[in-house]
Amino acid sequence: MTVSRWERGLLQPSAEHFIQLGNMGNKGEAWFFWEKAGIRASKMADALSGSSRARRPLDVPPLERASAGAMAVDLDKMPEIVGLPFLKGTIASHGEMGDKRMNLRTFPATEVMGAPAPWCPNPSYTSLLRVKGHSMEPLIRDGDIVAIDSFQTDRSDLYGKVVIAANEQRGLCVSRLCRYENLDILEGENRQHDPVVLNKASGWRIVGRVLWWISAAP
């Protein structure tokens, strides 16, 4: 009967049960359940490695450096290039429905894009997704590609920053995290869209910080 109540949404499993469910799944499924139990990947990495900058090796092909322009470029003096996975999925802005996979580790990667290492403080936790919707315009436009650092999820460090939040009904959403008195609010740049209160009752949580984005030329 307990499992039946879980399936019908009448009851939530305990943290202990979420951990046990995660232990039974594969890598992507495991983190989905573990995060439900309140375990954050960033804190786990700190505990296991002793460093907030621990890097896992990326299984990507070698990236060739392009040389363009009239001036000669000393490629040996250029910063290291890291390969970032371009995930098959969509992040919505306010008023749109985003991908409902709550954990970025469960997304398949379709391409790899190179970026300078200084742009990615946590390269092993950085990935790319496309945005749909207009609530973050003119800052981030419909169709832009955003770089997401899923290591950075602590709210106290993200006030005023552009973040990715997740909700089981609305999916992934790009927004700006703001603090008003005792309330954490997710706001769009376009004030025609209603803000969202970020708390346990609303079901929203932070899954990463937006580091930078790429816009197509008009």
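Trainee: Help me understand the overall build of the chain in this model?
Mentor: Within the chain one finds four helices and nine strands. Walking the chain from its N terminus toward its C terminus, one meets helices and strands in the order α-α-α-α-β-β-β-β-β-β-β-β-β. Looking at the 218 residues of the chain, the share that counts as buried comes to 37%. Put simply, 62% of the contacts in the chain that link residues at least 6 apart link residues at least 24 apart. Within the structure as shown, the chain displays about 12,800 Å² of accessible surface, and the carbon and sulfur contribution to it stands at 53%.

Trainee: Can you walk me through the packing of aromatic side chains in this structure?
Mentor: The geometry of two aromatic rings is summed up by the distance between their centres and the angle between their planes. As enumerated under the stated definition, the model contains two aromatic pairs in all. With a centroid separation of 5.3 Å and 70° between ring planes, the pair formed by Trp119 and Trp212 is classed as edge-to-face. Of the two residues, Trp119 is situated in the loop between strand E2 (109–116) and strand E3 (126–132) and Trp212 in strand E9 (residues 205–214); the sequence distance between them amounts to 93 residues. Accessibility expressed as a relative area gives 14% for Trp212, which makes it buried. Taking 5.0 Å as the distance between ring centres and 65° as the angle between the ring planes, the aromatic pair formed by Tyr125 and Phe151 counts as edge-to-face.

Trainee: Can you help me understand the pairing of E3 in this one?
Mentor: Each regular strand shows side chains that alternate between the opposite faces of the sheet. Of all seven residues that make up E3, five are buried, and the element is covered over most of its length. As paired strands, strand E1 (residues 81–92) and E3 are joined by four bridges and run parallel to one another. Across the sheet, residue Ile91 finds its bridge partner in E3, namely Val131. In this sheet, strand E4 (residues 145–149) lies alongside E3 in antiparallel orientation, the contact comprising five bridges. Its bridge partner lying in E4, Thr126 is registered against Asp149.

Trainee: Help me out: how do you make sense of the pairing of strand E5 (residues 162–167) in this one?
Mentor: Judged by how many residues are buried, E5 sits mostly within the fold: six of six residues are covered. Note: E5 against strand E6 (residues 171–180), six bridges, orientation antiparallel. Among the inter-strand pairings, Ala166 is bridged to a residue of E6, identified as Leu172. Counting the residues between successive antiparallel strands, the hairpin from E5 to E6 contains three residues.

Trainee: Please explain unusual backbone geometry as it appears in this structure.
Mentor: For residues besides glycine, phi is generally negative; the peptide bonds are generally trans as well. Of note, the bond from Glu137 into Pro138 is cis; its omega dihedral lies within 30 degrees of zero at 10°. Structurally, Pro138 can be placed in the loop between E3 and E4. Look at Glu181: it is not a glycine, yet its phi comes out positive at around 55°. Positionally, Glu181 belongs in the loop between E6 and strand E7 (183–187). Relative accessible area serves as the criterion here: at 77%, Glu181 is assigned to the exposed category.

Trainee: Sorry if this is basic, but what is going on with the environment of Asn199 here?
Mentor: Assignment of secondary structure puts Asn199 in the loop between strand E8 (196–197) and E9. Separated by 14 residues in sequence, Asn199 and Ile185 have C-alpha atoms that sit 8.8 Å apart. Each residue touching Asn199, except ones within four places of it in the same chain, is listed here: Arg155 and Trp204.

Trainee: What's the story with the environment of Leu84 in this structure? I'm lost.
Mentor: Residue position: Leu84 is located in strand E1. On the accessibility criterion, Leu84 (1% relative accessible area) is buried. Not counting residues up to four positions away in its chain, the partners in contact with Leu84 are Glu111, Val112, Met113, Ala115, Cys120, Pro123, Thr126, Leu128 and Trp212.

Reading the values: the criteria
Residues numbered from 1 in each chain as written. Predicted model: local features only at pLDDT ≥ 70, side-chain atom pairs only at ≥ 80, totals over all residues. Heavy atoms only, no water. Helix = DSSP H or I, 4+ residues; strand = E, 2+ residues; numbered from the N terminus. Buried < 20%, exposed > 50% of the residue type's maximum accessible area, 1.4 Å probe, protein only. Contact = heavy atoms within 4.5 Å. Areas by Shrake-Rupley, 256 points an atom, 1.4 Å probe, with all protein chains shown as cover. Phe/Tyr/Trp six-rings, centres within 6.5 Å; stacked < 30°, edge-to-face > 60°. Pairing = 2+ DSSP bridges.

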